[in-house]
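Residue strings, one per chain:
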Amino acid sequence: MELLMPNKRRIRVGIDVGGTFTKAVAIDAKTGSILSKSTVPTTHSAEKGVSKGIVEALSNILKESKIDVNDIELISHSTTQAINALLESDTSKVGIIAMGVGPSKKDVIKRTNLKGLSGNVNQNIVSFHEFLDTSHLITDEEVEGAILRLKSKGAQVIVATEAFGVDDPSNELFIMNRSTKFNIPSTASHEISGVYGLEIRTLTAAVNASVLPKTFQVANYVEEAIRNTGVTAPLMIMKGDGGVSNMDTFRTKPILTVLSGPAASVAGALLYLKVTNGIFVEVGGTSTNICIIRNGKPEIRYVTVNEHPTCIRSMDVRILGVAGGSMVNLEQNRVSKIGPRSAHIAGLKYSCFADPEVLKNGKIVFVKPKENDDDYVAIQCENETFAITNTCAANALDMIENDDYSFANQESAKIALKLLGNHLGMEYHEIAMSIIQTASFEITKTITNIMKEFKLNASTKIIGGGGGASVLAPFVSKQLGLSYEKAAHADVISSIGVASSMLQEEIEHTMDDATPEKIAQVQKKIHAMLVDKGAVPESIVIDSEYISEKAILRVTAIGNVELDSVETSKNIFTLDDAKKRASEIIEISEDLIDLSFETDHYFVFTGHVEVKKLFSKKNQHHILILDRYGKMKLSLKNAKIFQGGKITVVEELDDFLESRHSDIAPKIFLLNDLKLIDYSSLTSASKIIDGVREELVNSEKAAVLAEL
């Protein structure tokens, strides 16, 4: 008799490496329930760096939950390594090999030599420069000579860059190949972006190269440490755009991970909490991350690192150096500022977690956590010194609920604040409130600016996450008169975000004529990239968007290591979930929304909106596409949908385009089970019809949308 195997559990592990703590969670992907969580101090100064803390946190959850390592389908982690190296100038010296044709030599040198580039404001990336003339086939000797000259000047990593390297990367690849021969890591500008703009591409490649040796070493440490625990599941790293990628991305394109930590918490809000609109405020121990979520998506922008503009797109996260563990700075016997130094970096425990008896005989002292720091307040006791932090002030004011992650010994908190109050001649509750007010000022200011920038109204909700969610976020919400909601599992929301994220890639290409053939080519390329990184081919969903004002084709793709369905993943939106989100985005009642089209990967809704004109009313059909994870893929305020048999769709679209009596076609989009294609780069009706007809050949099910 054949024994039936029980359903294999689908467990995902997410590890968030923060400035203060490393937090790990194990999640059941089917139910979304948290099986185990662990928090350990981040091991910045250990011999093998943060990998020690990662393994401690992972070992704790494996031990506690008795998880079979074979049930783990994915293990993902966020990283602060690249951003910390850049912020602290712990970078390698970069050798740039620029290429161009003889007559343009002067221009190419000007646009690739970092010493003269306006984007390299701080000159904090040390670089050396060589030029190779490509009016003839460059030889091994020329390339190797350039590499050796750069190496002799001190270059530890090579950047290959050529004006039209995005169209023909062969010379850049040749240089990378030769660098390998000399055991020198390298990067090429075409690998970083497919967009024209030699300066920005070279600068981005140089920023990437400057942290390559460091992140390569860290990636190896982390991978080796995790494999030693017996986990064989794919190991992924969080990127700044909210997706995960394999560890080779960290080894070759660490710049994609510069906002990895903040992106993790936003991913948690999006994928686990299913937030549609709000401002997400994650208060950690060292920093606070603020991000706007609109229509179920984070805002995405080009990243600036240390005043260096780049062509890398990541979540628009505002990072402030104030949080739950921030220490107090005094000036003229008043609270002057809170942070940016945190108790963890100072190597001090919070006074609110100390024994009251130990604190009673303490005295106020001033410490410099790092050599060039300002003085920060601390309490010196017989055998130990404790920090006074925002968390201490909030506990002294009874602002924290008993079951909260930040809840501490309130007697200790009051003793600490009384000691500081006596030192300043103030009541303890006055000084505690002064600390909270001063700390929250920057957060309040940042949220006010975000609301102005994005024209948000008073109905905007603040969602609090992070271990310090109850310390500053509710106070800021009250100050601004906004509603507040604390995220479920706020203390580990970043780790949940890392565990819940999917593989994600984006390609940008400069294209004046994004023909159906060229679009298909890029889609094929991104599909192969995701399969290469471990995605199940059937899970990959691809979207293309044409940004006409920049002549850029942007293609994004998401995929998963397992095939998800409503039964197998908590992240998947049901029809009810999706309809609710559609109603929130279009801002009309669910009764006025119809499901017009559906595939295994997409929902297409039509919202029937009544628009008031001066003396009349007009009905518009707002078409909205959401993917199965609730992400908005397209929103057209007034549009028409064509669906049915392949021949019918083409005929109806042809009739519609002809009836418009215009030489310029409207924006047309095609949606099939795995792709959303933007044909707005095509202005000729005949080219659109050809493109649609060709795409429909291999589509089981498809719809065409036309903007009215």
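Residues numbered from 1 in each chain as written. Predicted model: local features only at pLDDT ≥ 70, side-chain atom pairs only at ≥ 80, totals over all residues. Heavy atoms only, no water.

Colleague: Would you mind going over the overall build of the protein in detail, with residue names and values included?
Modeller: Counting its regular elements, the protein contains 20 helices and 35 strands. Relative to the 2.2 N^0.38 estimate, which gives 27 Å for 708 residues, the radius of gyration of the protein is 27 Å and therefore close to what a compact globule would have. Within the protein, buried positions represent 57% of all 708 residues. A fraction of 66% describes how many contacts in the protein between residues 6 or more apart in sequence connect residues 24 or more apart. (Helix = DSSP H or I, 4+ residues; strand = E, 2+ residues; numbered from the N terminus. Rg over C-alpha atoms; globule rule 2.2 N^0.38 Å. Buried < 20%, exposed > 50% of the residue type's maximum accessible area, 1.4 Å probe, protein only. Contact = heavy atoms within 4.5 Å.)

Colleague: Hey, could you go over empty space enclosed by the protein for me, with residue numbers and the actual values?
Modeller: Tallied over the full model, the rule gives 3 cavities of 30 Å³ or more. In this structure, the largest cavity encloses a volume near 100 Å³. Going through the elements one at a time, strand S2 (21–28) and helix H16 (493–500) are the ones with two or more residues in the lining of the largest cavity. Grouping the constituent residues of the lining of the largest cavity by class yields 4 nonpolar, 5 polar and 5 charged. (1 Å grid on protein atoms, 1.4 Å probe; cavity = no way out; pocket = protein on both sides within 12 Å on 5 of 7 lines; lining within 4 Å. Points joined across faces, edges and corners; volume = space filled by probe spheres on them. Nonpolar A, V, L, I, M, F, W, Y, C, P; charged D, E, K, R; others polar.)

Colleague: Which residues make up the nonpolar core, and what values go with them?
Modeller: Among the nonpolar cores identified, the biggest contains 84 residues, and Leu653 and Val692 are the most heavily contacted of them. By residue number, the principal contributor to this core is helix H9 (residues 260–271), which donates 7 residues. In this view, leucine 653 contacts Phe642, Ile668, Ile688, Ile689, Val692 and Val704; residues no more than four positions away in its chain are not counted. (Core = buried A, V, L, I, M, F, W, Y, C linked by side-chain atoms within 4.5 Å.)

Colleague: Kindly report on the packing of aromatic side chains, identifying the contributing residues and their values.
Modeller: Throughout the structure, instances matching the rule amount to 4 aromatic pairs. Between tyrosine 350 and phenylalanine 353 the ring centres are 5.8 Å apart and the planes differ by 45 degrees, which places this aromatic pair in the tilted class. With a centroid separation of 5.6 Å and an interplanar angle of 55 degrees, the aromatic rings of phenylalanine 642 and phenylalanine 656 are classed as tilted. Taken together, the positions of phenylalanine 642 in strand S32 (residues 639–643) and phenylalanine 656 in helix H19 (residues 646–659) put the pair 14 residues apart, joining distant regions of the chain. We classify phenylalanine 642 as buried; its relative accessible area is 2%. The exposure class of phenylalanine 656 is buried, given its relative accessible area of 11%. Here arginine 628 stacks its cationic end above the ring of phenylalanine 603, 4.1 Å away from the centre of that ring. When the ring centre of phenylalanine 597 is taken as reference, the NZ or CZ atom of lysine 701 above it lies at 5.9 Å. (Phe/Tyr/Trp six-rings, centres within 6.5 Å; stacked < 30°, edge-to-face > 60°. Lys NZ or Arg CZ within 6 Å of the ring centre and 35° of its normal.)

Colleague: Which residues make up the pairing of strand S15 (residues 308–315), and what values go with them?
Modeller: Consecutive side chains along a regular strand alternate between the two faces of the sheet. By the criterion of burial, S15 is predominantly enclosed, with 7 of the 8 residues buried. Here strand S14 (residues 300–305) pairs with S15 via 5 bridges, running antiparallel. When the bridges of S15 are listed, threonine 304 appears paired with proline 309. (Pairing = 2+ DSSP bridges.)

Colleague: Requested: an account of the sheet that holds strand S28 (residues 593–598), with residues and values cited.
Modeller: Overall, antiparallel pairing links the 4 strands, which are arranged S28-S29-S30-S31 in an open sheet. Bordering the open sheet on either side are S28 and strand S31 (632–636), each of which pairs with just one other strand. If you compare each strand with its neighbour and ignore which way they point, the axes differ by 25 degrees on average. By the bridge criterion, 5 bridges tie S28 to strand S29 (residues 602–612) in an arrangement that is antiparallel. The partner of aspartate 594 across the bridge, within S29, is threonine 606. (Axes fitted to C-alpha atoms, helices over the stretch in contact; angles between N-to-C directions.)

Colleague: Just give me the short version of the sheet that holds strand S20 (residues 363–367), but keep the residues and values in it.
Modeller: Strand order in the open sheet formed by 4 strands is S19-S22-S21-S20, and the pairing between neighbours is mixed. Each of the sheet's edge strands pairs with one partner strand only, and the pair in question is strand S19 (349–350) and S20. Across the sheet, helix H13 (residues 410–424) touches S20 and strand S21 (376–380), and the angle it forms with S20 is around 80 degrees.

Colleague: An account of a negative patch on the surface is needed here, citing residue identities and associated values.
Modeller: Among the surface-exposed residues, Glu651, Glu652, Asp654, Asp655 and Glu658 lie close enough to one another that they form a single negatively charged patch. Its location among the elements puts glutamate 658 in helix H19. Relative accessible area serves as the criterion here: at 57%, glutamate 658 is assigned to the exposed category. (Patch = residues over 30% accessible without salt bridge, like charges linked within 9 Å, V, L, I, M, F, W, Y side chains within 5 Å. Areas by Shrake-Rupley, 256 points an atom, 1.4 Å probe, with all protein chains shown as cover. Salt bridge = Lys/Arg side-chain N within 4 Å of Asp/Glu carboxyl O. Lys, Arg positive; Asp, Glu negative; His and termini not counted. Charge placed at Lys NZ, Arg CZ, Asp CG, Glu CD.)

Colleague: Requested: an account of the pattern of salt bridges, with residues and values cited.
Modeller: Opposite charge on two side chains permits them to pair, given that their charged atoms come into close proximity. In total, this model carries 43 salt bridges according to the counting rule given. Arginine 12 serves as the salt-bridge partner of glutamate 73, at 2.6 Å between the closest nitrogen and oxygen. Pair noted here: glutamate 73 is in strand S4 (residues 72–77) and arginine 12 is in strand S1 (residues 11–17), with a separation of 61 residues, a long-range link. On the basis of relative accessible area, arginine 12 is assigned to the buried category, the value being 6%. The salt bridge partner of glutamate 56 is lysine 52, with a shortest N-O separation of 3.1 Å. You can see glutamate 56 and its partner lysine 52 sitting in helix H1 (residues 51–65), 4 residues apart, about one turn around the helix. A residue is classified by how much of its surface remains accessible, and glutamate 56, at 30% relative accessible area, is partly exposed.

Colleague: Describe the packing of helix H14 (residues 428–453) against helix H15 (residues 473–480), with residues and values.
Modeller: For the pair H14 and H15, interaxial distance at closest approach is 9 Å and the crossing angle is 65 degrees. In terms of orientation, H14 and H15 fall into the roughly perpendicular class. Here H14 runs over H15; the crossing is right-handed. Where H14 abuts H15, its residues Met433, Ile436, Gln437, Ser440, Ile443, Thr444, Ile447 and Thr448 lie against Phe475, Val476 and Leu480. Taken together, the residues that form the contact of H14 with H15 break down as 7 nonpolar, 4 polar and no charged. (Parallel < 35°, antiparallel > 145°, perpendicular 65-115°, else oblique. Left-handed = near helix turned anticlockwise from the far one by under 90°.)

Colleague: Give me the side chain of serine 78: which residues, what numbers.
Modeller: For serine 78, the position within the fold is in the loop between S4 and helix H2 (81–87). At 3.1 Å, the side chain of serine 78 and the backbone nitrogen of valine 17 are in polar contact. With residues up to four places along the chain from it excluded, the contact list for serine 78 reads Ile15, Asp16, Val17, Met238, Ser260, Gly261, Ala264 and Val498. (Polar contact = N/O pair within 3.5 Å; in protein donor to acceptor, adjacent residues only side chain to side chain.)

Colleague: Residues and numbers for the environment of isoleucine 158, please.
Modeller: Along the chain, the position of isoleucine 158 falls in strand S7 (residues 157–162). Look at isoleucine 158 and you get buried, because its relative accessible area is 1%. Considering only alpha carbons, one finds isoleucine 158 and serine 127, 31 residues apart in sequence, at a separation of 9.6 Å. The contacts of isoleucine 158, once residues within four sequence positions are left out, are Gly95, Ile97, Ile147, Leu150, Ile175, Ser179, Ile184, Pro185, Ser186 and Thr187.

Colleague: Outline H9, listing residues and values.
Modeller: Between its terminal C-alpha atoms H9 stretches 16 Å, which fits the 16 Å expected from 12 residues at 1.5 Å a residue. For H9, a buried count of 12 out of 12 residues is recorded, marking the element as mostly surrounded by other parts of the structure. Among all positions in H9, only Ser260, Gly261, Pro262, Ala263, Ala264, Ser265, Val266, Ala267, Gly268, Ala269, Leu270 and Leu271 are buried. (Expected span 1.5 Å × (residues − 1).)

Colleague: Provide a residue-level description of the confidence of the model for the protein, including the pertinent values.
Modeller: Close inspection of predicted coordinates is inappropriate in any region flagged by low pLDDT. On average, residues of the protein score 89 in pLDDT, and 97% of them are at 70 or above. Low pLDDT, under 50, characterises residues 1–6; the predicted model gives this stretch 0 contacts beyond four residues in sequence or across chains. (pLDDT = per-residue confidence, 0-100.)

Colleague: Can you explain the environment of isoleucine 388? Please cite residues and give values.
Modeller: Within the secondary structure, isoleucine 388 is located in the loop between strand S22 (385–387) and helix H12 (390–396). Along the backbone, isoleucine 388 and glycine 95 are 293 residues apart, and their C-alpha atoms lie at a distance of 46 Å.

Colleague: Could you give an account of the pairing of strand S18 (residues 334–342), naming the residues involved and the relevant values?
Modeller: Across 5 bridges, the pairing between strand S17 (residues 326–331) and S18 is antiparallel. When the bridges of S18 are listed, glutamate 331 appears paired with arginine 334. The antiparallel hairpin formed by S17 and S18 contains 2 residues in its connecting segment, where glutamine 332 sits at a positive phi of about 50 degrees.

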